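Summary of structural features
So you can see what is in the structure, the chains are spelled out below.
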Amino acid sequence: MSILPPVQIQCPKEHPDTEEVRCPSPAFARMHLIKGKDAIDRYLAMHIKGLSKQEAAAYRNSYKKNICIDMLRQGYHKSFAELFTLIEKWNALREASGPGSAIWLQKSLEEQPEKLDQLHFFLTSAEAAQRSEYYEEMYLNQLSLAYCFNKSEDRWLRNYFYEQCYKTAQLIKIDGGRKEAEAHSNMGLVCEEQGQFLKAAEHYEAFYHLTVGRIWKDETGRTLNTLACEHLWRIYTLLADKMLQNKEHQQAIKTLIKAFEMAKEADNKNMEAEAAFCLGLAYHSAGEEDTAILKLNAFLELSKILGDYGGIGRAYEALAQVLVSLGEVDEAITYLEKFLNIARKVQLTHNLVDACTFLGNIYNERGNYSKACEYFDQAFCAANVLADLPLVNETKVYCGIGKAHNMMVKVNSHTGAADHVGIIYLLAWKENRNDMCTDPFTVGQSGTVALPDISTDAKEEEPVIQIS
Amino acid sequence: MQTERIVHLALPRGRKAFCELCLAPATVRCGGCGVTFYCEVEHQNADWVSVHEKICQLLIPLRTALPFYDSEKKRKHGREQKISREKFLAEVTHNTAQKFLYEGKHEDAIPAALHSLKFNISVHGLNSSELVPAYLMLAEASLGLGHLSQAEEYLSQARWSVLKTSQCSPAIESKLHRNLGLLYVAKGNFEESLYHLANDIYFASCAFGTNDVAVSGGYFHMANVFFRQNRMDVADSMYTEVTEIWYNHFKRLIDQQYQSLMSPSEINMLPEEETTGDVLDESQQAEATQMLNAILDIREQASKPKVDKIATLVCTLAMFHCLIFDMPKAHELAKKTLHLIKLEPVEGLEDTLHRLVKLIKSKPFYVK
C-alpha cells in the first residue's frame, strides 16, 4: 500500500482542437473519395476516357501503396521510409503478441485511410521543412501528428512522434530553447504515463533548467517555469511514494523536500500544503515524530489560509495518528474531535466515517466500550449515507466489535456472580438477543434499540475479532 | 566458329530454315552443331560471341528429331529429359545475358536473352511469369542500346505477364518498374518515370526493407530525375540516402571482416564461415560502382561542395574497393577520406576509417 495520498499521474494532454488538425484533402484525395462500388462505377462511366494506366493502378492498389507511391513521386523518401517502418513495426508487434492479445483485434494502420492521410500530410510537410532547414516548422508538424494520435490504441504512435519532436527540437537554436523545453516537458509526460518516473524526472529537470528565468507562457497564460515546477513537484511526490513503499525513508524525505521547494517556487499554496502533508507522513513513517508534527502543523496553517476544510481535517487526523504513536492519546482525542466537528460542519462524510472509526478505535483500546460503541454507530450511519458498500461492511464489523466488547463486561459480571438473578438476566438476554442486559421484567416493553442490520458475514467475523 | 552455307533445296522437304536471331530466311548454318541457322554471317557472329559458343553442342539433342522409343515409359522419359535440358539451357543463357548486362555489353546480351526467352517459352508456355526476367533483360539491353520502342515493347510484354499472373514476387515487380522508369527517363517523360521509380522503391522495400541496397537503385534513378528537373534539394537528399544505404551496408561487411580479423581463433574453428569471396554479387558491384562514382562526380562538381558528404562518399568507395580486393585503390581513397575529415570532421567516420585501414593492411597482397 502506498503511504502518501494518491497523486494523479498526468499524461500528455489532448490538443484543444483536434478536429482542426485534420489535414486538408490533398490533390489526390479524389482517389479515396470514391469508396463504394457504385460510386466507382459511376465515376468510371463519367471519366472512362480519361482513365490512365496510373489511375487504373490506383484503384487496383491498396490505399497504403497509393499513399507511399504518392509520397515517393514527390520525392519525400524519408516520409515514405518512416511510414513504411511504422507499419512494419506495428505488424511485428502484433505478430509478437500473438492472437488473443488486445493488439491482435485492432485495425492495422493500413486499414485506416484517415490516419494514413494525416500521416501523409504532416510527414511530407515536415520533410519539406527539414529540407529547407526550417526546423521549427518541422517540429510543429511532428507535434500535430502527436496530437492527432491521442486514442489509447495509438499511444505508440503518439509517443514515437513526441520522441521525433524531441529530436527535432534540439536542432532549433533561434528561439532560445523554448521548443526544446516544451519537447522535454512532453517527453516527461510520456515517460510518466509509462511509469518511468526517473526518466520523466530527468526530462522535467531539463525542462525546468531551460525555463528558469524566462517569461514564456503557454496557451492558458501560465508561465512555463511554473509548469515545470508543478511537473517536478508531482514527479518527486510520485518518486517519494515509490521509495516509501521500498522503505527508503531518508531518500524519500530528500525527494519530498525537493518537491516542497518546487511547490514554493511555483508559488502555489495548494501544492505547498500538499508537499508539507506528504513530508509529514514521510517523517512519521520514518519514525521522526517531532519533525512530522512540525510539518503537519505547517500543513494545518496553510490549509487554514486556503480555507481548505478537507485539508484541515486531514491535518488533524494525521496529527492524531502521530500523537497516538507517541502515546499522547488525550491530545490525539482532542484533535480528532476537532476533525469530527469540521467533518460534520462541511459535510465531509468520508472524513466523518474516518474520524468516528478512529475515535471509536481509540476508546475501544482504552476500554471505554460504551463510547467506542457510540462512535462506531456514528461511523456506520455516516457510511450508510454514503452508500459505499465496502465501507458499510467495514463499519458494520466495527459496530459489532464495539457492541460485543460492551456486552462482554455485563455478561462477565453476571456469569461471575453465579447467582439466580444473574442466571435470569442471562437467560432473558439469550431469549431477546438484545444488546443490553436489561432487567428481564421490563424487556417485553422496551423493544429493541435500533440495532444495525448486521449481515451474516459480519456476524461471523465478530468472534474472530473478539478473540484477537 | 564454323560456317557452312546451306542450299535450301538440299533441306528435307517441308522444312524451312530461319535465322536464329531475326527469323529471316537462313543462308548459313553453324558447322559445329549443324542445327542452328542464320541469315547472315553477321548474326552468326553475334550469336557466337554472345552465347552460342557455350551451348553449341547442347543444342543438338534438342533440335534433332527424337529417337524412336518403343514404350510409353521411354517416351515419357524422353520428354522429361528434353524439358530438363531446356530448363538448364534457359538458366545458362539467362546467366550469360545477365553477366553481359552487368559488364555493360548490351549488344552481346541480346542474343543470349533471346535464347533465354525462347527456352522459357518452350518450358513454361507463353502466359507465365517466368518470362518476365527474360523480357526485362531484353528491355534493359535495348534501353542500353537506345532502342526505346523495342524496349517499350518488351516492357509492355513483361507488364502484361505480371498483371495477368498477379502472384509475381515484389523483387521482380520492382525490377520491372525500374526499367519502365528508366525507359521514360530516356523518353524524357519525367512524371511517368517518377511514378514507376516510386513503384520500384515501394516494391523493393516490400521485398527487402527500406534500408536494403536493393532499394538504393530506385532512389538513385529518382534522384537523377529530380536533378534533371533542377529540384536540387530533393535530389541532394536522395543522393545522401543512397550514399547512406551503401555506407551502412559496406560498414556492416567491413565490421564483420574486422571482427574475424581481430579474433582469428574463431576462423580456425569455423573456416567455412568466412564469406569474403561472395559478400558482393556482380549486380551489386556493378550498381555500386555506377551509383557511387556518379554521385561523387555530381558532388564534386557542385558549386558549393559539401565536404562532409563527399567524405562519407569517398569512405564508402574506399570500403567498396577493399571489399572487391582492389587494395591499392582502397588505400588511396582511404587516404583521401582522411584528408577530407581533417577539413571537416564527420561523426563516426573516423572510427570506420580506422578499421578499414587496419583491414587493408592485413591483406597479404597489399602492395605498398
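The name given to chain B in an unreviewed UniProt entry is Zinc finger MYND domain-containing protein 12, with Eublepharis macularius as the source organism.

As annotated in an unreviewed UniProt entry, chain A carries the name Tetratricopeptide repeat protein 29 and comes from Eublepharis macularius. Reading the Function (unreviewed entry) entry of the UniProt record for chain A gives the comment "Axonemal protein which is implicated in axonemal and/or peri-axonemal structure assembly and regulates flagellum assembly and beating and therefore sperm motility." Check the Subcellular location (unreviewed entry) section of the UniProt entry for chain A; it says "Cytoplasm".

**Examining the environment of Val185 of chain B**
All names here are of chain B. With respect to the helices and strands, Val185 occurs in helix 7 (residues 170–187). For the pair Val185 and Met327, spaced 142 residues apart in the sequence, the C-alpha separation amounts to 36 Å. Apart from the residues lying within four places of it in its own chain, the contact partners of Val185 are Phe190, Ser193, Val225 and Arg228.

**Brief notes about the packing of aromatic side chains**
Under the counting rule described, the total for this entry stands at twelve aromatic pairs over all chains. Judged by centre distance (5.4 Å) and plane angle (45°), the ring pair of Phe80 of chain A and Phe84 of chain A falls under tilted. In this pair, Phe80 of chain A and Phe84 of chain A both sit in helix 6 (residues 77–97), four residues apart, roughly one turn of the helix. Taken as a pair, Phe80 of chain A and Phe84 of chain A share a single burial class, namely buried. Where Phe121 of chain A meets Phe122 of chain A, the ring centres are 5.0 Å apart and the plane angle is 80°; that geometry is what we call edge-to-face. Through a chain of ring-to-ring contacts, the aromatic side chains of Phe80 and Phe84 of chain A together with Tyr202 and Phe203 of chain B assemble into a single cluster. The aromatic ring of Phe260 of chain A is capped on one face by Lys295 of chain A, whose charged end is 5.4 Å from the ring centroid.

**Observations concerning the confidence of the model for chain B**
All names here are of chain B. Per-residue confidence for chain B averages 83 on the pLDDT scale, and 94% of its residues sit at or above 70. Low pLDDT, under 50, characterises residues 267–277; the predicted model gives this stretch four contacts beyond four residues in sequence or across chains. Across the whole predicted complex the pTM is 0.72, and at the interface the ipTM reaches 0.80.

**A few points about the pattern of salt bridges**
For the structure on display, the rule yields 22 salt bridges over all chains. With its nearest N and O atoms 2.6 Å apart, the salt bridge here joins Glu193 of chain A to Arg158 of chain A. Here the residue Glu193 of chain A occupies a position in helix 11 (residues 178–193), and Arg158 of chain A occupies one in helix 10 (residues 155–169), the gap between them amounting to 35 residues. By relative accessible area, which is 24% here, Glu193 of chain A ends up partly exposed. You can call Arg158 of chain A buried: its relative accessible area is 1%. A salt bridge links Lys99 of chain B to Glu103 of chain B, with the shortest nitrogen-to-oxygen separation between them at 3.8 Å.

The rules we used
Residues numbered from 1 in each chain as written. Chains lettered and ligands numbered in written order. Predicted model: local features only at pLDDT ≥ 70, side-chain atom pairs only at ≥ 80, totals over all residues. Heavy atoms only, no water. UniProt positions renumbered as here; feature names shortened; annotations may be inferred. Helix = DSSP H or I, 4+ residues; strand = E, 2+ residues; numbered from the N terminus. Contact = heavy atoms within 4.5 Å. Phe/Tyr/Trp six-rings, centres within 6.5 Å; stacked < 30°, edge-to-face > 60°. Buried < 20%, exposed > 50% of the residue type's maximum accessible area, 1.4 Å probe, protein only. Lys NZ or Arg CZ within 6 Å of the ring centre and 35° of its normal. pLDDT = per-residue confidence, 0-100. Salt bridge = Lys/Arg side-chain N within 4 Å of Asp/Glu carboxyl O.

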